[in-house]
Amino acid sequence: MSDHALRLLREQSHLAELAAFPFNFDLARADHVEDVRLASGGPLEAVAGDDTGGTYFVCEDGSVLYADSEGSAGIIGNSVDEALEVLVGLPGWHDHLGLAPADGEEKIRAAVAETEEEIREYHGIDDERTELRAGLGLPERSPVELIGLLHTALLRTEPDFLLLNAEEGGAHGLLDRHPRPPLWESVLARGRADLARLREDSAWDEVAGDRARRALALRAAQFDRREGDLPLLRHLLRHEAEASMTDELRLAAVLVGLRGLAEDLPLLYEVRETDFDTWCGLGGMPEPGADPAELRRWASDLDDSLFGTDPADEPLFTWTGLAREQGLVELARTALIRRLDDIDFRAYCDARDGKAMERRHACQLSPLVHEFQQLGDTFQALRAQRLYVPLQTKAWDRVSALLKLARLEREEGRFGAAIRTLTSLRDALAEPDGNDGGSDRDGNGNGNSDGSLEHWWRTNLGAYIVEEHYAVARAAASDTALTDEVRAVTVAAGELLARLSGTARANVERSLAGTTDIHTDTGANADADVSAERTSPRPSAG
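Trainee: Explain the layout of surface pockets residue by residue, including any values.
Mentor: Within this model, the largest pocket holds a volume of roughly 540 Å³. Looking at the largest pocket, it is lined by 21 residues, and the ones nearest its centre are Pro181, Pro182, Leu183, Leu331 and Ala335. Elements supplying a minimum of two residues to the lining of the largest pocket: α7 (183-199), α15 (316-326) and α16 (329-352). For the lining of the largest pocket, the element with the highest residue contribution is α16, accounting for five residues. Class assignment of the residues belonging to the lining of the largest pocket gives a composition of 14 nonpolar, two polar and five charged.

Trainee: Pulling in residues and values, what's your account of the packing of aromatic side chains?
Mentor: For the coordinates displayed, the defined rule picks out five aromatic pairs. Measuring from ring centre to ring centre gives 5.1 Å for Tyr66 and Trp93, while their planes differ by 85°; the resulting arrangement is edge-to-face. Pair noted here: Tyr66 is in strand β4 (residues 64-67) and Trp93 is in the loop between α3 (80-89) and α4 (105-120), with a separation of 27 residues, a long-range link. For the pair shown, Tyr66 and Trp93 are each scored as buried. Through a chain of ring-to-ring contacts, the aromatic side chains of Phe25, Tyr56, Tyr66 and Trp93 assemble into a single cluster. Cation over ring: Arg37 sits above Phe379, and NZ or CZ is 4.6 Å from the ring centre.

Trainee: Can you explain the pattern of salt bridges? Please cite residues and give values.
Mentor: A side chain of one charge can pair with a side chain of the opposite charge when the charged atoms of the two come close. Inspection of the entire model under this criterion finds 44 salt bridges. The residue Arg487 makes a salt bridge to Asp484 at a minimum N-O spacing of 3.1 Å. Placement of the pair is Arg487 and Asp484 together in helix α23 (residues 483-499), with a separation of three residues, close to one helical turn. Among the residues examined, Asp484 registers a relative accessible area of 55% and is labelled exposed. Connected through shared salt-bridge partners, Arg211, Arg214, Arg219, Glu240, Glu248, Glu314 and Glu325 make up one network.

Trainee: Give me the sheet that holds β4: which residues, what numbers.
Mentor: Taken in spatial order, the five strands line up as β2-β3-β4-β5-β7 in an open sheet, and their pairing is mixed. Each having just a single partner strand, β2 (44-49) and β7 (173-174) make up the two edges of the open sheet. On the sheet, α3 packs against β3 (55-59), β4 and β5 (72-77) and is oriented at approximately 100° with respect to β5.

Trainee: Before we move on, could you go through the environment of Thr115 and cite the residues and values that matter?
Mentor: Along the chain, the position of Thr115 falls in helix α4. Residue Thr115 is classed as buried on the basis of its relative accessible area, which comes to 9%. Note: C-alpha distance between Thr115 and Gly321 (206 residues apart in sequence) is 45 Å. Here Thr115 is in contact with Gly92, Asp95 and His96, once residues within four sequence places are set aside.

Trainee: If you had to explain a negative patch on the surface to someone new, which residues and values would you point to?
Mentor: Taken together, the side chains of Asp95, Glu114, Glu118 and Glu121 present a region of like negative charge at the surface. Here Glu114 shows up in helix α4.

Trainee: I'd like a rundown of unusual backbone geometry, residues and numbers included.
Mentor: In the segment running from Phe21 into Pro22, the intervening peptide bond is cis, with an omega of 20°. Its place among the elements puts Pro22 in the loop between α2 (13-20) and β1 (36-38). Phi at Asn24 takes a positive value of approximately 60°, unusual for a residue other than glycine. On the secondary structure map, Asn24 appears in the loop between α2 and β1.

Trainee: Let's hear about the pairing of β2: which residues, and what values?
Mentor: Note that β2 and β3 share five bridges and pair antiparallel. From the neighbouring strand, Glu45 faces β3, where its bridge partner is Val58. Connecting β2 to the next strand, β3, in antiparallel fashion are five residues, including Gly53 with a positive phi near 95°.

Trainee: Could you give an account of α4, naming the residues involved and the relevant values?
Mentor: The periodicity of an α-helix, 3.6 residues per turn, causes residues three or four positions apart to be oriented the same way. With 16 residues, α4 extends 22 Å from end C-alpha to end C-alpha; this agrees with the ideal 22 Å at 1.5 Å per step. Every buried residue of α4 is accounted for by Ile108, Val112, Thr115, Glu116 and Ile119. Buried positions in α4, seen along its axis, are confined to an arc of 100° and lie on one side of it. For α4, the exposed residues lying more than 90 degrees away from the buried face are Glu106 and Glu114. Lining the buried residues of α4 we find α3, α5 (126-136) and α6 (143-154).

Rules of the game
- Residues numbered from 1 in each chain as written.
- Predicted model: local features only at pLDDT ≥ 70, side-chain atom pairs only at ≥ 80, totals over all residues.
- Heavy atoms only, no water.
- 1 Å grid on protein atoms, 1.4 Å probe; cavity = no way out; pocket = protein on both sides within 12 Å on 5 of 7 lines; lining within 4 Å.
- Points joined across faces, edges and corners; volume = space filled by probe spheres on them.
- Helix = DSSP H or I, 4+ residues; strand = E, 2+ residues; numbered from the N terminus.
- Nonpolar A, V, L, I, M, F, W, Y, C, P; charged D, E, K, R; others polar.
- Phe/Tyr/Trp six-rings, centres within 6.5 Å; stacked < 30°, edge-to-face > 60°.
- Buried < 20%, exposed > 50% of the residue type's maximum accessible area, 1.4 Å probe, protein only.
- Lys NZ or Arg CZ within 6 Å of the ring centre and 35° of its normal.
- Salt bridge = Lys/Arg side-chain N within 4 Å of Asp/Glu carboxyl O.
- Pairing = 2+ DSSP bridges.
- Contact = heavy atoms within 4.5 Å.
- Axes fitted to C-alpha atoms, helices over the stretch in contact; angles between N-to-C directions.
- Patch = residues over 30% accessible without salt bridge, like charges linked within 9 Å, V, L, I, M, F, W, Y side chains within 5 Å.
- Areas by Shrake-Rupley, 256 points an atom, 1.4 Å probe, with all protein chains shown as cover.
- Lys, Arg positive; Asp, Glu negative; His and termini not counted.
- Charge placed at Lys NZ, Arg CZ, Asp CG, Glu CD.
- Expected span 1.5 Å × (residues − 1).
- Arc of directions from axis to C-beta.

Here you go:
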């Protein structure tokens, strides 16, 4: 995109002064009120500001992103040249963020004229506009054209130009309030196109052989059900079984089963028997020879509880997962960040009012962590996990959540925070009324006050805890400011390792072989540990 006008402003002080006043594009104010970054990680250069604390940023593709001082942001031009056309042609552009071409020429011209008359009461804009346009080589456009440019630019803000607070990670609001299509509509677009092709008896193998396209086509069929789709649904079902148990496999089985045809029972049974996961995931399905009415009942019950015909009723994570599979990473990221921001704000309000977070919001935090990790966005995953940890009431869950928090902090390079989190984790293991794994290694204690950590020292969780201590110590070793903390966490790692049961300890030592020096006193109870492990349960680490 052209930056011709920006170069001229930097070279010619008189033009720069005109841009700064009366058009409020001041090269000397390129210093935003807070550190910000794009959620996508793309480059961002502050080039100018205005007298309200707002800042103009140039993005990698040349687009100009304006961020005000109140936490809102939006694209206002495809280039600096285009943005200046808007600023010079619509000096009251902030007042016109709600206008769109659909409002019609009469309304647009009247609104712009009213705003400019108000500006003229304080200073001139007409001669200055003519001079600046001529100096920068900007075309003269009508207010209607300029509103069209601004409106189109604003709608491009998400998902590629979502602006975040660099430290806290929360997203800026949108400058405008123009309606956007729902996430599901953008995600489902290709699936609808593929479904149309399948109905025309074309591209069956092309679509069915592509996991992402197959899933989208099935979702499109979920919301656009037609009697003649049964052959293509059977085809998609057979191919989806190759991916083992997925939500779309269950959906395909439901869409086929809703027809209630006895001839489909062998196919459905064959799909269910693909592997152990499909056998579990499609449990309750009638077997060949059953009454077709049973098949219809089974499919209808699943349809009512899990699917339905309104895409707006599907969970957010259905659409973000499908967006990610299509490569629409920023679309998924934006939706997830917006949801996390909403939960974060609600948590703040609940805490302020002395209330607990609503369960329907709290239960979304763990899936949010997972989805952000799938996107490779550890920063946002860490935000969600921080909210998740204090909600855990069972000792086992709290320790597991702290372990994941420490791992995310380490992966994000926040070693001091990871060390502090591991300290909290050890405190949780050694709570009053709890079993610290050392003094009560014969299992006579009751673990934690709720009993869930009774045998932590001989579980996978115990092994993971020790491995994470060593991982943090290795990662933070080069940080001279953390020398004492690294030494302390290394000592703690050795103590925890010595508390593990014999087999668990041996497994950890093998996994750490060659990565760190492990000094452990196996003690006289090593044989007893091994014996205890053979006869005691090994709870899953979760």
